[in-house]
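# Chain and residue survey
Here are the chains, one letter per residue:
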Amino acid sequence: MVNIIRNPVSYCEDLENLMVSIKNSESFSHTSWSIAELQVLRVHIRNHYRIQQQGICAYCRQRVSLQSAANCHVEHIAPKSKYPQFMFEPKNLCVACADCNEIKKEQETLGEEPDPICNGNDRVLYPRAASSFYIVHPHFDDYDEHIEIFNGHYVDKTEKGHFTIGACKLNRRLRAFGWEETLISEPELNCLMTDFLGADDAIVKNEKLQSIKRALVKVS
Ligand SMILES: [Zn+2]
């Protein structure tokens, strides 16, 4: 799994010219992103990051669609509503699943978007340091250093991990559906067996046996 995106998207001359003309137009705003003229650019960016990220969402690490744009959104890490100047900035872009992208977007609409950049939204140059961002930045941060995924549960290891889990509501499936049933691993089963064999009290022994049964039912 890709921990950091190593190759930001690049643009051919035609796309560069297109971006310049859109940015220089009087009506340019963050909503310009959706105009029909930019379809070719959006496809280019989506395809690039879909491959770079090996079909995995930058935030929840679940699969994004390999075919459809519907579950493979182009994500602006610093939101384009606050930072329209970074709309086409390669290092501000990645792909995210529909849920992560929508949840971030929803927060923007409510005006509760946690600001991912510390120093206001009037900067001209895109920040180059991971420390400038509150969020686990897919171009700058090693995901595994910040977030551990355990049986579908997202656990923060750092402040950035904590922020990202909150901003994208990464534990949304756990909240909605509870723990996902997962296959028991060999070491876990060994552990249960050792407990069972080591128990000398009949009641405890029976409890351990029930645990093993439940674990094996999950496997089958
Ligand atoms: Zn996601």
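Residues numbered from 1 in each chain as written. Predicted model: local features only at pLDDT ≥ 70, side-chain atom pairs only at ≥ 80, totals over all residues. Heavy atoms only, no water.

### Some words on the pairing of strand S3 (residues 147-150)
In the sheet, S3 pairs with strand S4 (residues 153-156) via four bridges, with the strands oriented antiparallel. When the bridges of S4 are listed, Ile149 appears paired with Tyr154. Counting the residues that bridge the hairpin from S3 to S4 gives two residues, and of these Asn151 lies at a positive phi of roughly 50°. (Pairing = 2+ DSSP bridges. Helix = DSSP H or I, 4+ residues; strand = E, 2+ residues; numbered from the N terminus.)

### Notes on the coordination of the zinc ion
Looking at the zinc ion, the protein donor atoms are Cys57 (SG), Cys60 (SG), Cys97 (SG) and Cys100 (SG), and they sit 2.3 to 2.4 Å from it. Viewed at the metal, the four donor atoms of the zinc ion are separated by angles of 104 to 118°, and the geometry they form is tetrahedral. For the zinc ion, the donor residues sit on a single chain with the sequence spacing C-x2-C-x36-C-x2-C. Separated by 40 residues along the polypeptide, Cys57 in the loop between helix H2 (39-52) and strand S1 (73-76) and Cys97 in the loop between strand S2 (93-96) and helix H3 (98-109) bring together distant segments of the chain. (Donors = N, O, S within 2.8 Å, 3.2 Å for Na, K, Ca; no water. Tetrahedral: all angles 85-135°; square planar, octahedral: opposite > 155°, others 65-115°.)

### Remarks on the packing of aromatic side chains
Counted according to the given criterion, the structure contains six aromatic pairs. Both rings, one in Phe86 and one in Tyr126, keep their centres 4.9 Å apart while their planes meet at 85°; by these two values the pair is edge-to-face. Here the residue Phe86 occupies a position in the loop between S1 and S2, and Tyr126 occupies one in the loop between H3 and helix H4 (143-146), the gap between them amounting to 40 residues. The burial state of Phe86 is the same as that of Tyr126; both residues are buried. Geometrically, the ring pair formed by Tyr134 and Phe163 is tilted, given 5.6 Å between the ring centres and 45° between the ring planes. (Phe/Tyr/Trp six-rings, centres within 6.5 Å; stacked < 30°, edge-to-face > 60°. Buried < 20%, exposed > 50% of the residue type's maximum accessible area, 1.4 Å probe, protein only.)

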